[in-house]
Amino acid sequence: ALLLPAGQVEVEPSFTYTRRDNNDVPVLVDVGGGDLVLANQEVERNELQPGLGLRIGLPLEAQLEFSLPYNITQQDEILDLGAAGRDTRDGWGNGLGDLSVGLAKTVVREGAVRPDLIARVTYNTGTGDKDDNDITLDGGYSSLTGSLVALKRQDPLAFVGSAFYQKAFDEDNVNLGDQYGFSLGTLLAASPETSLRFQLQTTFSEDTEIDGTTINDSDEVQGVLVIGASSILGRGVLLDVAGGIGLTDDAPDYFVTISVPIRFDLPTL
């Protein structure tokens, strides 16, 4: 939650695997001859996302942030056509994700009662790929996010809470809907080199709009329980491993992410 000191840089390669199962989604299917039938669709997705993050400590307790993911998705679609049988389609899609650029600043320093407060603004450029091989990817839609993070230490514990609001912008007459949410968590220093964390994340997504028309019941609520651990591997190098379990129907079934932040000082002239 805390920012880098001025003159320090952190590079963070990461990898995330996410599993999603959406069952009994009603869709209209053309079975030939112009005949449409209502079928139940089951979509199973395995999402692989390598990524690279960059953070630069600035003067005045500020930080510049960049991130760029790459999306790889394996998807199975199973259509239950009733008397007409079942139709299965599977495939792979991949493409570059959205580049995001952010600026964060410490606005309040921790005191006897008050926590550290960090404000952040992030612009998601929407430069990534929306789909590949008829498989939807996590990219191609721009947005602007504002967030506030609070951190209060009580050794060997640290308590972290955050809230955000994300404004979605239209892309090709499609608006995925604004998002807002919060997270609450605690970190425990299990040893001088290792810490554990437990976090509850909740995100609310508003209805999608297509050509100015609201798609009813397309809003979502995603609740996720995250458990993670971080350990120092060496000077300026950290290993972080976390897993999340979906608590609501709209959330992913589970995910696992591994990252290795590497921190160093900028050379001085």
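One structure accompanies this document, and this report is about it.

Let's shift gears to the overall build of the protein. Looking only at helices and strands, the protein features 0 helices and 19 strands. With respect to the three principal axes, the spread of C-alpha positions in the protein is 70 × 40 × 35 Å. Within the protein, the fraction of its 269 residues that count as buried is 34%. The contacts of the protein with a sequence gap of at least 6 include a subset with a gap of at least 24, amounting to 54%. For the protein, the exposed area adds up to about 15,400 Å²; of that, 57% sits on carbon and sulfur atoms. Looking at the protein, you have 17 positive and 42 negative side-chain charges, and the mean spots of the two groups are 14 Å apart.

Okay, a nonpolar patch on the surface next. A cluster of nonpolar side chains, Leu188, Leu196, Phe198, Leu200, Leu225, Ile227, Val241, Ile245, Leu247, Tyr254, Val256 and Ile258, forms an exposed patch at the surface whose accessible area comes to about 940 Å². Among the elements of the structure, strand 13 (194-205), strand 16 (220-234), strand 17 (237-246) and strand 18 (254-259) are those that each provide at least two residues to the nonpolar patch. Summarising the element assignment, leucine 247 is placed in the loop between strand 17 and strand 18.

With that settled, consider the side chain of glutamine 199. Inspection of the secondary structure puts glutamine 199 in strand 13. A polar atom in the side chain of glutamine 199 sits 3.1 Å from the side chain of glutamine 201. When sequence neighbours within four positions are dropped, the list of residues in contact with glutamine 199 reads Ser183, Leu184, Gly185, Val224, Leu225 and Val226.

Turning our attention to the pairing of strand 17. Here strand 16 runs beside strand 17; their pairing, made up of 10 bridges, is antiparallel. Across the sheet, glycine 234 pairs through a bridge with valine 237, a residue of strand 17. Between strand 16 and strand 17, which pair antiparallel in sequence order, lie 2 residues; one of them, glycine 236, sits at a positive phi of approximately 75°. Bridge count for strand 17 against strand 18 is 6 bridges, and the pairing is antiparallel. Directly across from valine 241, in strand 18, lies its bridge partner isoleucine 258.

This next bit is on the nonpolar core. With 7 residues, the main nonpolar core is built from Leu3, Ala104, Ile118, Val149, Leu151, Ala158 and Val160. Setting aside its immediate chain neighbours within four residues, alanine 158 contacts Leu151, Lys152, Arg153, Gly185, Thr186 and Leu187.

Cut-offs applied
Residues numbered from 1 in each chain as written. Predicted model: local features only at pLDDT ≥ 70, side-chain atom pairs only at ≥ 80, totals over all residues. Heavy atoms only, no water. Helix = DSSP H or I, 4+ residues; strand = E, 2+ residues; numbered from the N terminus. Buried < 20%, exposed > 50% of the residue type's maximum accessible area, 1.4 Å probe, protein only. Contact = heavy atoms within 4.5 Å. Areas by Shrake-Rupley, 256 points an atom, 1.4 Å probe, with all protein chains shown as cover. Lys, Arg positive; Asp, Glu negative; His and termini not counted. Charge placed at Lys NZ, Arg CZ, Asp CG, Glu CD. Patch = residues over 30% accessible without salt bridge, like charges linked within 9 Å, V, L, I, M, F, W, Y side chains within 5 Å. Salt bridge = Lys/Arg side-chain N within 4 Å of Asp/Glu carboxyl O. Polar contact = N/O pair within 3.5 Å; in protein donor to acceptor, adjacent residues only side chain to side chain. Pairing = 2+ DSSP bridges. Core = buried A, V, L, I, M, F, W, Y, C linked by side-chain atoms within 4.5 Å.

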